[in-house]
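# Summary of structural features
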Amino acid sequence: MNSALTFVTLSGELKAKQEKDHIVLDLPLYSTYPQEFQEVEELVKTAVGDMVVQDLRYSPDTKKLLVRLNDTYERSVLEKLKVNAQDLVPAEKTGKVKGLILTLKGSLSEKHKNYDFYSRYFAPWNGVLEDPVTGSAHAVLGSYWSQHLGKSEMLACQCSPRGGEMKISLQSDGRIDIAGQVVIVLTGNLTF
């Protein structure tokens, strides 16, 4: 009945509102910082094998490691990548990573829409082998790709088997709007 909802979480207030056929999440924008490869080498190699990594960043606020694959790779490589998420937990030796983002710059030469970037997200530390579409990961990705692309409005695609498209909009107040279509997985009534 309400067009907007506010969730009080450990990350602060998270707002969701309906706009036409999309749900828009208003989330904090999270920065990333350079990460030494040697410190997380086993984790990265467990996830992507011998693929070429172009950039490696860490978001301490979210405990997410961002692995940017080389720009020469196409979307299909990310989609077909076989990641055994259960192997990520023992490969993570620092104790600080609780989520792994794999990302790739979009390409105009592909037959798909003109996405600015692609991603996949794994969080077996939290019981999620691969999340199909992840707002919190895009609060990190939005910050990262905005700096690298020089854009505050972007179109993103999460390439999990179910996958999803998100419209990203950085706000001047240090927050990010992430809009996408939703999949209803549970309905019910709350009574107080």
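Refer to the structure presented above.
The following paragraphs examine the structure supplied in this document. Each chain carries its own residue numbering, running from 1 in the direction its sequence is written. Given that the model is predicted, a residue must reach a pLDDT of at least 70 before its local features are reported, and side-chain atom pairs must reach 80 or more before they are shown or counted; all residues, however, enter totals for whole chains, interfaces and linings. With hydrogens and water excluded, all non-hydrogen atoms of the structure serve as input to the side-chain values.

## Here's the deal with the overall build of the protein
Only DSSP runs of H or I covering at least 4 residues are called helices, and only runs of E covering at least 2 are called strands; the numbering of each starts at the N terminus. Of regular secondary structure, the protein possesses four helices and 12 strands. When we talk radius of gyration, it's over C-alpha atoms, and the globule rule is simply 2.2 Å times the number of residues to the 0.38. A compact globule built from 192 residues would reach a C-alpha radius of gyration of about 16 Å, and the protein, at 17 Å, matches this within 12%. Each residue gets one of three labels from its accessible area relative to the maximum for its type: buried under 20%, exposed over 50%, partly exposed in between, using a 1.4 Å probe on protein chains only. In the protein, which comprises 192 residues, the share counted as buried stands at 46%. Throughout, a contact is declared for two residues whenever any of their heavy atoms are within 4.5 Å. Sequence-distant contacts, at least 24 apart, represent 59% of the contacts inside the protein between residues at least 6 apart. Of the side chains in the protein, 22 bear a positive and 24 a negative charge, and the two mean positions are spaced by 3 Å. Neither His nor the chain termini are counted; the positive set is Lys and Arg, and the negative set is Asp and Glu. Each charge is placed at NZ for Lys, CZ for Arg, CG for Asp and CD for Glu.

## Concerning the packing of aromatic side chains
Ring pairs are drawn from Phe, Tyr and Trp, using the six-membered ring of Trp, whenever the two centres fall within 6.5 Å, and their geometry is named by plane angle: stacked under 30 degrees, edge-to-face over 60, tilted for the rest. A complete count under the given rule lists three aromatic pairs for this structure. Considering the side-chain rings of Tyr144 and Trp145, the 5.1 Å spacing of their centres and the 85 degrees angle between planes classify their relative orientation as edge-to-face. Each of the two residues, Tyr144 as well as Trp145, counts as buried. Taken together through their ring pairs, the aromatic side chains of Phe117, Tyr144 and Trp145 make up a single cluster. One cation-aromatic arrangement involves Lys96 over Tyr58; the distance from NZ or CZ to the ring centre is 4.5 Å. Lysine and arginine charges are scored as sitting over a ring when NZ or CZ, respectively, is within 6 Å of the ring centre and within 35 degrees of the ring normal.

## Observations regarding the environment of Arg175
Tracing the sequence through the fold places Arg175 in strand E12 (residues 175–180). Discounting chain neighbours no more than four positions away, the residues touching Arg175 are Glu13, Leu14, Asp26, Leu27, Pro28, Leu29, Ser169 and Leu170. Under the rule applied, a polar contact is a pair of N or O atoms within 3.5 Å (in protein, one hydrogen donor and one hydrogen acceptor; residues adjacent in sequence only if both atoms are side-chain atoms). Only 2.6 Å separates the side chain of Arg175 from the side chain of Asp26, close enough to count as a polar contact.

## Points about the pairing of strand E3 (residues 22–28)
Judged by how many residues are buried, E3 sits mostly within the fold: five of seven residues are covered. In this scheme, strands are said to pair when DSSP sees at least two bridges between them. Between strand E2 (residues 12–19) and E3, which pair antiparallel and follow one another directly, the connecting turn spans two residues, one of which, Lys20, has a positive phi of 55 degrees. The sheet contact formed by E3 and E12 spans six bridges and is antiparallel. By the bridge assignment for E12, Ile23 is matched with Gly180.

## Quick notes on helix H1 (residues 37–48)
Compared with an ideal rise of 1.5 Å per residue, which puts 12 residues at 16 Å, H1 spans 13 Å between its outermost C-alpha atoms and falls more than 12% short. Looking only at H1, the buried set comprises Val40, Leu43, Val44, Ala47 and Val48. End-on view of H1: buried residues confined to an arc of 115 degrees, all on one side of the axis. Buried residues along H1 sit against strand E5 (53–59), strand E6 (64–69), helix H3 (88–91) and strand E7 (99–105). Looking at the residues trailing H1, positive phi occurs at Gly49, about 60 degrees. To estimate how far a helix should extend, the number of its residues minus one is multiplied by 1.5 Å. Working definition: the arc comes from the directions between the helix axis and the C-beta atoms, pointing outward to the latter.

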